[in-house]
Amino acid sequence: MAISKVSVIGSGTMGNGIAHVFALKGFDVFLVDVEEGLLKKGIDTISGNLERQVSKQVITKEEKDLTLSRIKPFVGVENTPGDSDLAVEAVYENKEAKLSVFNKLNSILKPECIFASNTSSISITELSAASRPEKFIGMHFMNPVPVMKLVEIIRGYSTNSETFETIRDAALRLEKVPVEVFDYPGFVSNRILMPMINEAVYALMEGVASKEDIDTVMKLGMNHPMGPLTLADFIGLDVCLAIMEVLYNGFNDSKYRPCPLLKKMVAAKKLGRKTGEGFFKY
Ligand code: CAA
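All values derive from a computational prediction rather than experimental measurement.

Along the backbone of the protein chain there are 11 helices and eight strands. Since a compact globule built from 282 residues should have a radius of gyration of about 19 Å, the 19 Å found for the protein chain is in line with a globular shape. Dimensions of the protein chain, computed from the C-alpha atoms along their principal axes, are close to 55 × 45 × 30 Å. Relative to its full complement of 282 residues, the protein chain shows a buried share of 48%. Considering only contacts in the protein chain between residues 6 or more positions apart, those separated by 24 or more positions represent 66%. Summing over all exposed atoms, the protein chain offers an accessible surface of approximately 13300 Å²; the carbon and sulfur share of this is 55%. Charge separation in the protein chain, taken as the distance between the mean sites of 33 positive and 35 negative side-chain charges, equals 3 Å.

Structure, rendered in structure tokens:
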């Protein structure tokens with residue numbers, strides 16, 4: 001089945017980025033969220049990011065307008081159009097919230113519709129259990145979605161080959177680079193990235209170096225575009241902690257224990273860029 005209509009559930013950072021790239025590449029996009037205000041904010045962000053691409057001459061003004069015209073907002077998951085070929089869930093990183101979305105979608109979307117989660121670490125097999133396991137897959141985009149080339153495509157235990165091939169094809173149509181991954185905690189990206197960030201927080205907590213110098217080591221010593229503490233602020237410290245907990249609980253291995261300083265900062269609501277302060281101030 002070739003996909004043409006895509007519902008994106010959640011219009012936050014990841015959801016609006018996912019809607020952006022699907023619409024830009026000619027898919028009809030239904031953007032779904034719980035409130036009109038959130039949808040407006042999401043679409044304003046898409047418009048701003050498209051404008052950024054126009055000013056960098058990555059796309060034309062006509063492509064921007066066409067892209068925006070392909071995105072239709074919908075308030076409430078229960079109003080997601082039933083004829084969607086693909087539903088990509090990008091709500092916040094909480095298993096119960098995601099299961100509730102898929103449960104609702106399962107009763108209203110046509111049986112052929114593929115369900116994909118943009119979860120950064122929650123088990124695809126567990127998320128798929130209550131809906132349509134053979135047509136369920138992980139489609140993990142990276143932030144900022146319009147810029148980052150990678151999509152991890154995660155096969156749940158029951159994901160069938162047709163579903164995998166259809167999603168791989170969709171990722172190629174987005175001009176992304178798909179990588180096939182099997183369902184283990186953190187997949188590949190966050191199994192490797194998050195322990196590095198967590199270790200940087202330990203280094204800070206133990207006074208090994210200042211936050212600026214820790215970031216400088218990784219930027220200039222390893223050519224990372226952002227230092228790990230800046231990247232943690234960019235991703236969100238609550239998201240980083242949630243992923244470390246998935247790794248820790250999923251492997252039952254102490255090497256994934258979340259750093260106490262990371263936990264303390266999340267408790268203090270210093271979540272990074274989105275709250276104006278994390279390791280750095282914004
Ligand atoms: N939409 C469209 N274009 C965007 C954009 C957006 N949201 N954000 C940045 N850009 C464009 C800019 O216009 C710019 O374009 P040109 O190259 O044509 O000039 C380009 O991206 C670079 O942006 P900037 O010049 O503003 O800034 P920069 O050079 O510092 O790059 C960055 C910014 C791309 C974010 C870079 O710092 C970077 O790659 N950082 C690392 C990002 C990363 O690791 N992401 C993965 C996070 S982990 C994750 O997402 C998964 C998870 O599960 C937690």
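Looking now at the domain arrangement of the protein chain. Structurally, the protein chain comprises domain 1 (5-182) and domain 2 (191-274). Inter-centroid distance (C-alpha atoms) of domain 1 to domain 2 is 27 Å. Tallying the contact residues gives four residues for domain 1 and four residues for domain 2. Interface of domain 1 and domain 2: buried area, both sides summed, is about 420 Å²; carbon and sulfur atoms make up 70% of it. A per-residue breakdown of the area domain 1 buries against domain 2 is headed by Glu-93, Ser-121 and Asn-143, which together make up 72% of the total. Seen at the junction of domain 1 and domain 2, the total is zero salt bridges. For the pair domain 1 and domain 2, the interface holds zero residue pairs in polar contact (both at pLDDT 80 or more). Tallied by class, residues from the side of domain 1 that touches domain 2 come to one nonpolar, three polar and no charged.

Quick look at the nonpolar core now. Among soluble globular proteins, nonpolar side chains are generally buried collectively. The biggest cluster of nonpolar side chains holds 34 residues, and the ones touching the most others in it are Val-6, Ile-18, Phe-22, Leu-86, Met-139, Phe-141 and Ile-167. Counting residues per element, this core draws most heavily on helix H1 (residues 13-24), which supplies seven residues. The next biggest cluster of nonpolar side chains, apart from the first, holds 25 residues, and it includes Ile-214, Leu-231, Leu-237 and Met-244.

Around the ligand, 17 residues are found, and the nearest of them are Lys-56, Ser-120, His-140, Asn-143 and Asn-190. One nitrogen or oxygen atom from the side chain of Asn-49 is found 3.4 Å from a nitrogen atom belonging to the ligand. Here a nitrogen atom of the ligand sits 2.8 Å away from a polar atom, N or O, in the main chain of Asn-143. Contact with the protein chains hides 67% of the accessible area of the ligand, taken as 1000 Å² for the molecule alone. For the shell around the ligand, the secondary-structure elements that each account for two or more residues are helix H2 (36-55), helix H7 (189-205) and helix H9 (228-235). Residues belonging to the shell around the ligand are distributed by class as follows: 10 nonpolar, five polar and two charged. Domain assignment of the residues forming the shell around the ligand places at least three in each of domain 1 (5-182) and domain 2 (191-274).

What counts, and where the lines are drawn
Residues numbered from 1 in each chain as written. Predicted model: local features only at pLDDT ≥ 70, side-chain atom pairs only at ≥ 80, totals over all residues. Heavy atoms only, no water. Helix = DSSP H or I, 4+ residues; strand = E, 2+ residues; numbered from the N terminus. Rg over C-alpha atoms; globule rule 2.2 N^0.38 Å. Buried < 20%, exposed > 50% of the residue type's maximum accessible area, 1.4 Å probe, protein only. Contact = heavy atoms within 4.5 Å. Areas by Shrake-Rupley, 256 points an atom, 1.4 Å probe, with all protein chains shown as cover. Lys, Arg positive; Asp, Glu negative; His and termini not counted. Charge placed at Lys NZ, Arg CZ, Asp CG, Glu CD. Domains from an automatic or database assignment. Buried area = accessible area lost by both parts, 1.4 Å probe. Salt bridge = Lys/Arg side-chain N within 4 Å of Asp/Glu carboxyl O. Polar contact = N/O pair within 3.5 Å; in protein donor to acceptor, adjacent residues only side chain to side chain. Nonpolar A, V, L, I, M, F, W, Y, C, P; charged D, E, K, R; others polar. Core = buried A, V, L, I, M, F, W, Y, C linked by side-chain atoms within 4.5 Å. Near = heavy atom within 4 Å.

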